[in-house]
Amino acid sequence: MTRRIVIVGAGIVGSSLARELAGRDGCQVTVLDRSPAGRLHGSTGHAPGYIGVLGETPVLTELARATVRIYRSLGDDAPGRARPGGGAGFEETGCLEVATSPAAYGTLRRRAALAREAGLAARLVDAGEAAALAPRLVDPATAVAGLHFPGDGTARAGLLTAAQRRLAEAAGAEFADGTEATGLEIRAGRVHGVWLADGTLVPSDDTVLASGVWGPLLAARAGVELPLTPVSHPYVYGGPRPARHPRGPFVRWPGRHVYARDHGDRDGIGTYAHEPRPVAPADLGVRAEEPWPGGQFDGAVAAALALLPPAHRFAPDVRLNGVFSVTPDNMPLLGPFEGLPGLWSATAVWVTHAAGAAAALAEAIDGGEPGPAALAPDRFAGEPAGELRRRALGHYNDIYAAG
Ligand SMILES: Cc1cc2nc3c(=O)[nH]c(=O)nc-3n(C[C@H](O)[C@H](O)[C@H](O)COP(=O)(O)OP(=O)(O)OC[C@H]3O[C@@H](n4cnc5c(N)ncnc54)[C@H](O)[C@@H]3O)c2cc1C
């Protein structure tokens, strides 16, 4: 018997899931996305692509570990130059976490112990070695110590998404670009299909919301509350400079809520050190991007840039105010909605966890495996929406630890 699986969203999560499910016995996979062909209007199109395997919980670490394994295996299928330690889409640059105070050094020591428990390579280094590992990004005058994760890396999320889409299509999945889902068909307490903007019904046995920050909108039309809060987040790029290979490690300052990346021919820096800026789902446009608000974001970016060595501080050339999801416990919403059979969530998932999350969800959909209970999308059922939103926003500044 054919099982019709409709995935709403062709970002890195929907494309990873399509690759997992396409070609499995009896599975017919259709992916709907309102973005035009070849464009990623969701968060995936904006992520600078830090992949840190060590999460704050074992379930996140396992998802990230599985994800990196899969991204590495995509090397031959992604266009572009293959890179050391992975395919074109994943580059094993390593990650360096830097402390600029004794308290932050305490955090690094705690994370070094967590890494050991998880069996991940990680090494505490002194300030001099930290600066030698990332001379453009680490200022030896302010660094106290560092924690180096050699197996972490950076992702080109667009390439990884395209590679997985190609594999899914080759295995029989159909992608409908420029196609907006406007509602769910519910009969006898079960989801039976997805309504499109042109009034067509796409019948389904299983419907997966992989629609990122827009997930709550479609869920609400089915009477389901998805406890995900879209927030906007600043990331800026410097102007082009001579390219350097290999690229240096991704750098994070956990105590300062700042991270920076060597993009090869330019540098970039992002910061969480500002009041969280939620975006009401109803106010979202079709892109996961908001206008640059100035004010608080300018101040936070200036403070972030001051962490770089004076010679390498840059004037922002491109300012991005991207939108992604936060949840009340900083974890994805992954699995079935117990109260509405036929509907699944694959939302609030980072690039860092996307392929591993897709593998776990595919096993739940196709293999009847239970899926990680800690990630069940209705785990907050019964709690007031305002309180959940408050908790989610409270985690915004801790995101550096999420992976
Ligand atoms: C500035 C920024 C920095 C980030 N940094 C990192 C990082 O360093 N590391 C990391 O791991 N993650 C990072 N993230 C988070 C990461 O980008 C996202 O978690 C991830 O890309 C989400 O993927 P997705 O496929 O779930 O969602 P999306 O990429 O948003 O895809 C959802 C898709 O659903 C489609 N869609 C929505 N509603 C409908 C509808 N009704 N009908 C049809 N289609 C619909 C959209 O068009 C979209 O293409 C960052 C995000 C931003 C914005």
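Quick caveat: nothing in here was measured; it's all calculated off a predicted structure.

Calculation notes
- Residues numbered from 1 in each chain as written.
- Predicted model: local features only at pLDDT ≥ 70, side-chain atom pairs only at ≥ 80, totals over all residues.
- Heavy atoms only, no water.
- Domains from an automatic or database assignment.
- Contact = heavy atoms within 4.5 Å.
- Buried area = accessible area lost by both parts, 1.4 Å probe.
- Salt bridge = Lys/Arg side-chain N within 4 Å of Asp/Glu carboxyl O.
- Polar contact = N/O pair within 3.5 Å; in protein donor to acceptor, adjacent residues only side chain to side chain.
- Helix = DSSP H or I, 4+ residues; strand = E, 2+ residues; numbered from the N terminus.
- Nonpolar A, V, L, I, M, F, W, Y, C, P; charged D, E, K, R; others polar.
- Near = heavy atom within 4 Å.
- Areas by Shrake-Rupley, 256 points an atom, 1.4 Å probe, with all protein chains shown as cover.
- Pairing = 2+ DSSP bridges.
- Axes fitted to C-alpha atoms, helices over the stretch in contact; angles between N-to-C directions.

### Some thoughts on the domain arrangement of the protein chain
How big an interface is tends to be stated in terms of the accessible area lost upon association of its parts.
Then, number 1: Domain annotation of the protein chain identifies domain 1 (3-47 + 157-228 + 329-402) and domain 2 (89-152 + 229-324).
Then, number 2: One C-alpha centre belongs to domain 1, the other to domain 2; they are set 28 Å apart.
Then, number 3: The interface is formed by 22 residues belonging to domain 1 together with 30 residues belonging to domain 2.
Then, number 4: Between domain 1 and domain 2 the total buried area reaches about 2,400 Å² when both faces are included, carbon and sulfur atoms providing 64% of it.
Then, number 5: The tally of links from domain 1 across to domain 2 stands at 0 salt bridges.
Then, number 6: Applying the counting criterion to the domain 1 and domain 2 interface returns 9 residue pairs in polar contact (both at pLDDT 80 or more).
Then, number 7: Residue assignment for the side of domain 1 that touches domain 2 shows that the elements contributing at least two residues are α5 (157-170), α6 (215-221) and α9 (385-394).
Then, number 8: For the side of domain 1 that touches domain 2, the element with the most residues is α9, which contributes 3 residues.
Then, number 9: Its residues placed into classes, the side of domain 1 that touches domain 2 shows 15 nonpolar, 5 polar and 2 charged.

### Examining the site of the ligand
Then, number 1: Neighbouring the ligand are 32 residues; Asp33, Ser43, Thr44, Val349 and Thr352 lie closest to it.
Then, number 2: Between Val349 and the ligand, the recorded distance is 2.8 Å, taken from a backbone N or O atom to an oxygen atom.
Then, number 3: About the coverage of the ligand: the protein hides 97% of its 1,000 Å² of free accessible area.
Then, number 4: Of all the secondary-structure elements, those providing two or more residues to the shell around the ligand are α1 (12-21) and β19 (318-326).
Then, number 5: Grouping the amino acids of the shell around the ligand by side-chain chemistry returns 15 nonpolar, 14 polar and 3 charged.
Then, number 6: Residues from two domains meet in the shell around the ligand; each of domain 1 (3-47 + 157-228 + 329-402) and domain 2 (89-152 + 229-324) gives at least three.

### Some thoughts on the sheet that holds strand β10 (residues 181-187)
Then, number 1: The strand order β10-β11-β12 describes an open sheet built from 3 strands, whose pairing is antiparallel. Of all the strands in the sheet, just β10 and β12 (201-203) have a single pairing partner and so form its edges. The mean inter-strand angle of the sheet, taken between neighbouring strand axes irrespective of direction, is 35°.
Then, number 2: Bridge count for β10 against strand β11 (residues 190-196) is 6 bridges, and the pairing is antiparallel. Residue pairing in the sheet places Ala181 in a bridge with Leu196 of β11.

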